[in-house]
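# Residue-level structural notes
Listed here are the chains, written in short residue letters.
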Amino acid sequence: MSATLSLDQARRIALAAQGLDKGRPAGPVTSRTVGRTFARLQLVQIDSVNVLSRSHFLPFFSRLGNYDRTILQRMSGTHPRRMMEYWAHEASFIRPELFPDLVLWQKRTWVGAGRLEPGLRDSVARQILDVLAMGKPLTAAELTVKIGHVEDRSNENWGWNWNAVKRVLEDLFQDGLISAASRTEQFERRYALTARVLPARPALVEDGRDPVEAMHRLIDAAAYAHGIGTVRCFADYFRIPAKAAADSVEHLLRTGRLEPVSVAGWDRKVFLHTEARLPRRAAGRALLSPFDSLVFERRRLEELFGFHYRIEIYTPEHRRRFGYYVLPFLLGNTIVARVDLKADRTAGKLLVKSAYGEPHAPQATAVELADELELMAEWLGLGDVVVSPVGDLAEPLAVALRRGVGAIRSQGTPATWPVSLP
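To start, this report covers the structure provided alongside it. Since this is a predicted model, take the numbers as computed values, not measurements.

Before going further, it helps to examine the layout of surface pockets. Volume-wise, the second largest pocket comes out at about 580 Å³. Around the second largest pocket sit 25 residues that line it, and Arg54, Phe57, Gln73, Thr184 and Phe187 are the ones nearest its centre. Only helix 4 (70-77) and strand 5 (178-183) provide two or more residues apiece to the lining of the second largest pocket. Per-class residue counts for the lining of the second largest pocket are 10 nonpolar, eight polar and seven charged.

So, about the packing of helix 10 (residues 211-226) against helix 12 (residues 242-254). Where helix 10 meets helix 12, the axes come as close as 9 Å, and the angle between the chain directions of the two elements is 75°. The angle between the axes of helix 10 and helix 12 places the two elements in the roughly perpendicular class. In this structure, helix 10 contributes Val212, Met215, His216, Ile219 and Asp220 to the contact, and helix 12 contributes Ala244, Ala245, Ser248, Val249, His251 and Leu252. Among the residues forming the contact of helix 10 with helix 12, the class breakdown is seven nonpolar, three polar and one charged.

With that out of the way, let us pick up the nonpolar core. With 108 residues, the main nonpolar core has Leu52, Phe238 and Met376 as its most contacted residues. Among the elements that make up this core, the one with the highest residue count is helix 14 (residues 365-380) (eight residues). Here Met376 is in contact with Leu52, Leu58, Phe61, Leu287, Leu327, Leu341 and Leu350, once residues within four sequence places are set aside. Grouped together as the second largest cluster of nonpolar side chains are 26 residues, Leu5, Leu288, Tyr309 and Ile335 included.

Going through the model one piece at a time under the given rule, you end up with 10 aromatic pairs. Both rings, one in Tyr237 and one in Phe296, keep their centres 5.6 Å apart while their planes meet at 55°; by these two values the pair is tilted. Of the two residues, Tyr237 sits in helix 11 (residues 231-238) while Phe296 sits in the loop between strand 10 (285-287) and helix 13 (298-305), which places them 59 residues apart along the sequence. Neither residue differs from the other here; Tyr237 and Phe296 are each classed as buried. Taking the centre distance of 5.0 Å and the plane angle of 80° together, the rings of Phe322 and Tyr356 count as edge-to-face. Of this pair, Phe322 sits in the loop between helix 13 and strand 11 (326-331) while Tyr356 sits in strand 13 (residues 349-357); the two residues are 34 residues apart in sequence, bridging distant segments of the chain. The buried category is assigned to Phe322, whose relative accessible area is 16%. Through pairs of rings, three or more aromatic residues link up here, namely Phe38, Phe60, Phe61, Tyr67 and Trp379.

Bringing the side chain of Glu85 into the picture now. Turning to its location among the elements, Glu85 is positioned in strand 3 (residues 84-87). Here Glu85 falls in the buried class, since its relative accessible area comes to 3%. A polar atom in the side chain of Glu85 sits 2.8 Å from the side chain of Arg183. A polar contact of 3.0 Å, which involves the side chain of Glu85, links it to the side chain of Arg189.

Below, the discussion takes up the sheet that holds strand 4 (residues 91-94). Taking strand neighbours across the sheet as the criterion, the three strands line up as 2-4-3 in an open arrangement whose pairing is antiparallel. The sheet is open, and its two borders are formed by strand 2 (43-45) and strand 3, each paired with just one other strand. Along the sheet, successive strands turn relative to each other by an average axial angle of 35°, direction set aside. Pairing between strand 3 and strand 4: four bridges, direction antiparallel. Bridging across to strand 4, Glu85 finds its partner in Phe93.

Before going further, it helps to examine the pairing of strand 6 (residues 189-193). A regular strand carries its side chains on alternate faces of the sheet. With four of its five residues buried, strand 6 lies for the most part within the structure. Note: strand 5 against strand 6, five bridges, orientation antiparallel. Note on strand 6: the bridge partner recorded for Ser179 is Ala192. Between the antiparallel neighbours strand 5 and strand 6 lie five residues, among them Phe187 with a positive phi of about 75°.

The next subject is helix 15 (residues 394-403). Of all the 10 residues making up helix 15, seven are buried; the element is thus mostly covered by neighbouring parts of the structure. Positive phi appears at Gly404, one or two residues downstream of helix 15, with a value of about 90°.

This next bit is on empty space enclosed by the protein. Evaluation of the coordinates by the stated rule reveals two cavities of 30 Å³ or more. Taken as a whole, the largest cavity encloses approximately 50 Å³ of empty space. Lining of the largest cavity is provided by Gln18, Ala225, His226, Tyr237, Ser293, Leu294, Phe296, Glu297 and Arg300. Considered as a void within the structure, the second largest cavity measures approximately 30 Å³ in volume. What lines the second largest cavity is Leu41, Leu43, Val44, Gln45, Pro59, Phe291 and Ser293. Looking at the lining of the second largest cavity element by element, the count peaks at three residues for strand 2.

Conventions adopted
Residues numbered from 1 in each chain as written. Predicted model: local features only at pLDDT ≥ 70, side-chain atom pairs only at ≥ 80, totals over all residues. Heavy atoms only, no water. 1 Å grid on protein atoms, 1.4 Å probe; cavity = no way out; pocket = protein on both sides within 12 Å on 5 of 7 lines; lining within 4 Å. Points joined across faces, edges and corners; volume = space filled by probe spheres on them. Helix = DSSP H or I, 4+ residues; strand = E, 2+ residues; numbered from the N terminus. Nonpolar A, V, L, I, M, F, W, Y, C, P; charged D, E, K, R; others polar. Axes fitted to C-alpha atoms, helices over the stretch in contact; angles between N-to-C directions. Parallel < 35°, antiparallel > 145°, perpendicular 65-115°, else oblique. Contact = heavy atoms within 4.5 Å. Core = buried A, V, L, I, M, F, W, Y, C linked by side-chain atoms within 4.5 Å. Buried < 20%, exposed > 50% of the residue type's maximum accessible area, 1.4 Å probe, protein only. Phe/Tyr/Trp six-rings, centres within 6.5 Å; stacked < 30°, edge-to-face > 60°. Polar contact = N/O pair within 3.5 Å; in protein donor to acceptor, adjacent residues only side chain to side chain. Pairing = 2+ DSSP bridges.

Written out as structure tokens, the structure is:
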């Protein structure tokens with residue numbers, strides 16, 4: 001007989017697995033603290049959108065508060081690396097231990113040189129590998145110049161007008177032969193041979209790993225990061241085939257790494273990782289990146305938290321419901337609001353373009369969100385938080401920021417919504 005969990009228990013397990021069940025560290029955040037958080041998450045998605053902050057910086061702020069972002073640059077750009085880039089959920093920083101397993105299962109042929117003539121592809125690949133074997137890490141543009149490649153460029157597909165060098169680089173990156181040694185200020189990859197990025201494993205891609213065992217390790221890592229979830233949840237974490245993921249779930253059940261459970265209101269098979277923790281209460285507070293691993297799998301997010309969420313970056317402006325770069329706001333064990341944020345670095349302001357409360361949000365939401373936004377502004381080096389009058393939470397949020405959250409806290413706040421602060 002499998003155990004039966006309430007929805008609240010499942011939430012607390014999920015939040016604990018993601019490091020979002022309790023308050024942030026009281027003291028300075030060290031590289032060891034960041035490393036422990038990353039080991040719990042297994043991966044952090046990368047995205048080029050920089051309207052607020054690079055997306056891979058935000059999950060650590062959500063869990064740790066004000067921290068030094070150069071810690072991540074050292075973890076990913078200096079030896080011994082504790083994080084490296086590869087394809088996972090999408091382009092991500094992953095734990096180096098997972099790299100050889102992911103190489104066996106990630107097949108994203110659309111990103112590379114599939115449309116190039118084989119002779120051109122092979123010639124460019126040889127030249128790239130020769131140059132990288134002899135010198136320092138280089139960007140795609142620097143490699144193009146270094147090997148003397150010239151071609152007519154097409155402007156038909158905005159954002160994907162890669163030349164042959166960039167396309168071949170993406171193939172070599174997916175094959176695991178080259179990796180990102182670091183990133184430039186413009187967020188361009190500096191490519192290097194994988195053997196130089198991970199010198200302790202020079203034969204990393206050719207070490208004869210069993211794909212089935214690799215899948216077992218990936219699903220175990222995904223289940224550990226979830227705490228509780230379905231086959232679909234676990235497969236989606238690293239974007240790996242669902243059928244192979246289901247087979248690995250069965251293996252992990254037999255070996256005692258997973259156990260079947262039932263969750264009230266869920267009509268699917270659910271599995272609990274044996275290292276999952278059930279805290280007595282969830283007392284965290286966090287603004288979550290649109291690319292945070294807690295919100296990866298939208299069906300799980302809606303089933304767990306009753307929160308329907310879509311990223312509207314690529315939606316035409318007049319059709320957006322909540323805004324361009326909308327962050328869910330987690331309070332305790334509930335997602336209570338969402339805010340569209342932008343960092344105006346020139347003016348030194350954190351702009352709240354819109355703020356909406358969820359129907360079940362407590363009156364304290366505005367106060368707690370104001371506190372969180374001030375902490376984020378401090379972390380980003382911005383001097384002020386400015387709220388636009390868009391959304392039902394905008395006015396009470398502006399009042400909370402204007403009056404100072406401490407003054408409002410002292411008045412007490414009944415747990416009802418909506419709110420109209422004095």
